[in-house]
Amino acid sequence: MPQHQGNPLIEALPPLMDTRQVREGLAGNVHFDPQSIYAGGRERAHIISSLLDDFFQPLSAHVQLEEKISIMIRRGYVGRNLADGSLNTHLQNGYERVMKGDLEVNRFAHAQSTASSLSLIGCSGSGKSTTITRIFATYPQVIYHEDYNFTQITYLKIDCPHDGTLKNLCIQFFRALDRILHTDYETKIAGKRLGIEQLLAMMSQVANAHAVGVLVIDEIQHLDRRRAGGVDKMLNFFVTLVNTIGLPVIFVGTPKARPIFEKDLRSARRGAGFGSLIWEPMKSPEFNKKASREWIAFTNERSGLGSSDH
């Protein structure tokens, strides 16, 4: 694509995959040794319990999520090109915000954001986090650009803290970066007792300093709307990350998180600019003929087993 050409942050990513490659990349096979049936009873119990650890049957919802994530990462980098100076423009704006502690300040008004947001809502145990982990396993998380002496992070996943505050959400962000890059952002930034506005400004600046491709905030239902300053403040923060900072964001949570984005039509649009995926239990083929193909594909899958094995 012309918009992707000449952008080192996009060109360093793996090639786009077709549907077959996506399914093969996400699939997890069961590895079963027929000789295990002769093992002792207690050993067989351990073998049986571990059989499904690696099993994963890609369905249409998983392929759809992979496509959206692929688009989000690449689209987000269009407005943050390392070669044409657009990323430096975002960094200069971020420096101004850090110095003044105001997320609305811009030094260069022409900084373009091509980022978008996505919300993924589903019941606990429906495979949201597992699917996202498998999708991101097809990307290298850290890419070093020798010509620019620049370290790119394609994705960063953090869990919303149980106390539900925006301050601790920022600290989780710095902690996740430290684990990947072996830096000490958490010590330097979190130890200064900065206000929430200053923390948010630092978080946005560090995100651009390492060209984070997409930020995944899991367990978003833990975000306490009262302790975080209300729905409006939370959404303003998320919208700033996407529209001002240029950082794509994916919100993952249970149905308890829906009120965060569905307070009104405007909030829903701002919280899910690239759409909202609602994962529901797989429908029975008795009531949904379209679902029968996926149901059969899931229940009849015998990955890693021979044709005569059960």
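Residues numbered from 1 in each chain as written. Predicted model: local features only at pLDDT ≥ 70, side-chain atom pairs only at ≥ 80, totals over all residues. Heavy atoms only, no water.

(A) Examining the overall build of the protein chain more closely. Scanning the protein chain from N- to C-terminus turns up 13 helices and 7 strands. Long-range pairs, those at least 24 residues apart, make up 76% of the contacts in the protein chain between residues at least 6 apart in sequence. With the model as given, the accessible surface of the protein chain reaches about 16400 Å², and the carbon-plus-sulfur share is 50%. (Helix = DSSP H or I, 4+ residues; strand = E, 2+ residues; numbered from the N terminus. Contact = heavy atoms within 4.5 Å. Areas by Shrake-Rupley, 256 points an atom, 1.4 Å probe, with all protein chains shown as cover.)

(B) Spotlight on the side chain of Asp 218. Mapped onto the elements of the fold, Asp 218 is located in strand β5 (residues 215-218). Of note is the side chain of Asp 218, whose polar atom sits 3.3 Å from the side chain of Lys 157. Residues within four places of Asp 218 in sequence aside, it is in contact with Ser 129, Lys 157, Ile 158, Asp 159, Cys 160 and Val 252. (Polar contact = N/O pair within 3.5 Å; in protein donor to acceptor, adjacent residues only side chain to side chain.)

(C) View of the packing of helix α4 (residues 60-78) against helix α6 (residues 128-136). Close contact between α4 and α6 brings their axes to 10 Å; oriented N to C, the two are set at 55 degrees. As judged from the angle between their axes, α4 and α6 are oblique. Here α4 and α6 pass one another in a crossing that is right-handed. For the pair α4 and α6, the contacting residues are His 62, Leu 65, Glu 66, Ile 69 and Ile 73 in the first and Thr 131, Ile 132, Ile 135 and Phe 136 in the second. Split into classes, the residues belonging to the contact of α4 with α6 amount to 6 nonpolar, 2 polar and 1 charged. (Axes fitted to C-alpha atoms, helices over the stretch in contact; angles between N-to-C directions. Parallel < 35°, antiparallel > 145°, perpendicular 65-115°, else oblique. Left-handed = near helix turned anticlockwise from the far one by under 90°. Nonpolar A, V, L, I, M, F, W, Y, C, P; charged D, E, K, R; others polar.)

(D) Layout of the packing of helix α5 (residues 86-100) against helix α9 (residues 196-209). Where α5 meets α9, the axes come as close as 9 Å, and the angle between the chain directions of the two elements is 160 degrees. The orientation of α5 relative to α9 falls into the category roughly antiparallel. Note that α5 runs across α9; the crossing there is left-handed. For the pair α5 and α9, contact is made by Leu 87, His 90, Leu 91, Gly 94, Tyr 95, Arg 97 and Val 98 and by Ala 201, Met 202, Gln 205, Asn 208 and Ala 209, respectively.

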